[in-house]
Amino acid sequence: MRLHGLSLELTGWFQVAWSGDLGPEQVVPLRYFGRDLVAYRGRDGAVRVHDRHCRHLGASLAHGGCVVEDGIRCPFHGWVWGPDGRNLSIPYQDRPNTARRLGTWPVVERNESIYLWHDPAGREPLWDVPDALRGAPHAAEREFHPAWPAGRSHYPDLRVHPQMVAENAVDAHHFRFVHQTPTSPVVLQEVVEGPQWWARVGFGRGWAEHARDADGALRTDTGNTIEILWAGLGVSVNVEHMRDGIRVITINTTPVEDGRTELFATYWVDRADGDLEDGTYERRLDEAKMALPDDIAIWNHQIFLDPPALATEEARGFRGIRRWAGQFYPAGAGVVLGG
């Protein structure tokens, strides 16, 4: 079965830019989910995303369109479209056109990123975008360097389906072969609630052999662990507690066309005194970026097998995350994922 044919039908939040990509009153063209879009930052500072072409005669609002007090103005005849997609004014007529409306997409700006809500059924957002730096208690207690501009990696023109990335949440054994860890990490906890999948994973022999204390309770310390949160198939947050501090990474895959995607990775490293001057921040940021290209080299040439030939110990995790992922496809789409 091919998942790519259904990538444009996914429901969820998907990253389409970084906040720094849109300066004050800037207008930019976007193309995602097979649609030509326009994004702009209004005079109030908020980001809006619409279908790109003016409903008057089809001019591109992303090429010559400009931000005005009430919204965005078409470069062809000056029609102004408001944040809700309604026509607000026609400069050579005393009343607007109330019969036509510009397609409007829900947008959230968070985590130094811009996210667009996509739902083929036209529903309003069903869940929220998580706050990457406040999602885990040990991360919420830290101060982080901003991700913009150095803490970003953009991978366009991929064949990586969002679900393939999400399945890494349960794929412990790939770490040994893709990332050259001495042993496979241990999945310590999993919590699945509606559109969210959360897991805590421990790395190293200490977790493999001593995940529980003398009383049999799961250890609560966070050293050498990663907390992984998926909110739908488009947004992930990884909170990594390394020996030299905390780093937070979002890895978000967004469909562009049928079978073509882009991946946005954003990296935050917690602050330490003098780490900009002595090169520590740059080193830690480079280390944080090392793993993802190795994953992409696999994902970009991977096909989706259903059912896959799973080893006994990994079957529960893969089947579970595939059942969870089924909720983000249209009902009746014929997706049978690891039943």
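For the structure, see preceding data.
Conventions we followed
Residues numbered from 1 in each chain as written. Predicted model: local features only at pLDDT ≥ 70, side-chain atom pairs only at ≥ 80, totals over all residues. Heavy atoms only, no water. Helix = DSSP H or I, 4+ residues; strand = E, 2+ residues; numbered from the N terminus. Expected span 1.5 Å × (residues − 1). Buried < 20%, exposed > 50% of the residue type's maximum accessible area, 1.4 Å probe, protein only. Contact = heavy atoms within 4.5 Å. Phe/Tyr/Trp six-rings, centres within 6.5 Å; stacked < 30°, edge-to-face > 60°. Lys NZ or Arg CZ within 6 Å of the ring centre and 35° of its normal. Pairing = 2+ DSSP bridges. Salt bridge = Lys/Arg side-chain N within 4 Å of Asp/Glu carboxyl O. Polar contact = N/O pair within 3.5 Å; in protein donor to acceptor, adjacent residues only side chain to side chain. Axes fitted to C-alpha atoms, helices over the stretch in contact; angles between N-to-C directions.

Counted at 1.5 Å a residue, the expected span for helix α7 (residues 312-325) with its 14 residues is 20 Å, and the 21 Å between its end C-alpha atoms agrees. Of all the residues in α7, the buried ones are E314, A315, G317, F318, G320, I321, R322, W324 and A325. For α7, the secondary structure elements touched by its buried residues are α2 (162-166), β13 (186-193), β14 (196-202) and β15 (225-231).

W148 connects to P149 through a cis peptide bond whose omega is 0 degrees. Within the secondary structure, P149 is located in the loop between α1 (137-140) and β12 (152-158). Look at the link from D306 to P307: it is a cis peptide, with omega at 5 degrees. Along the chain, P307 falls in the loop between α6 (291-299) and α7.

Here we come to the packing of aromatic side chains. Two aromatic rings are characterised by how far apart their centres lie and by the angle between their planes. Within this structure, the stated rule accounts for nine aromatic pairs. A ring pair is formed by F14 and F33, whose centres lie 5.0 Å apart and whose planes are at 75 degrees; its orientation type is edge-to-face. Of the two residues, F14 sits in strand β1 (residues 12-18) while F33 sits in the loop between β2 (27-32) and β3 (35-41), which places them 19 residues apart along the sequence. A residue is classified by how much of its surface remains accessible, and F14, at 0% relative accessible area, is buried. Taken together, the ring pairs connect W13, W117, W127, W197, W324 and F328 into an aromatic cluster. A cation over a ring is seen here: R152 above W18, with NZ or CZ 5.2 Å from the ring centre. In this arrangement the basic side chain of R152 is found over the ring face of W148, its NZ or CZ atom lying 4.0 Å from the centre.

Attention now goes to the sheet that holds β3. Sheet architecture is open: four strands sit in the order β2-β3-β4-β9, paired in antiparallel fashion. With one partner strand each, in any of the chains shown, β2 and β9 (104-105) form the two edges of the open sheet. Bridging between strand β4 (residues 47-51) and β9 involves two bridges; their strand directions are antiparallel. Across the sheet, residue H50 finds its bridge partner in β9, namely T104.

To continue, consider the pattern of salt bridges. In total, this model carries 22 salt bridges according to the counting rule given. Salt-bridge contacts for D84 lead to R86; the nearest nitrogen and oxygen are separated by 3.2 Å. In this structure D84 comes out as partly exposed when scored by relative accessible area, which is 34%. Judged by its relative accessible area of 44%, R86 is partly exposed. In this structure, the salt-bridge partner of R247 is E240, at a minimum N-O distance of 2.5 Å. Judged by relative accessible area, R247 falls into the buried class, the value being 14%. Judged by relative accessible area, which is 10%, E240 ranks as buried. Put simply, R142, D244, D270, R283, R284 and E287 are held in one network by salt bridges that share partners.

On to the side chain of H161. Summarising the element assignment, H161 is placed in the loop between β12 and α2. On the basis of relative accessible area, H161 is assigned to the buried category, the value being 0%. Among the polar contacts made by the side chain of H161, one reaches the main-chain amide nitrogen of Q163 at a distance of 3.0 Å.

Glancing now at the sheet that holds strand β17 (residues 245-257). Judged by pairing direction, the sheet is antiparallel, and its seven strands sit side by side in the order β12-β18-β17-β16-β15-β14-β13 without closing on themselves. If you trace the sheet from one side to the other, it starts and ends with β12 and β13, each paired once. Within the sheet, the average angular offset between the axes of one strand and its neighbour, ignoring direction, is 15 degrees. Here seven bridges tie β13 to β14, and the two strands are oriented antiparallel to one another.

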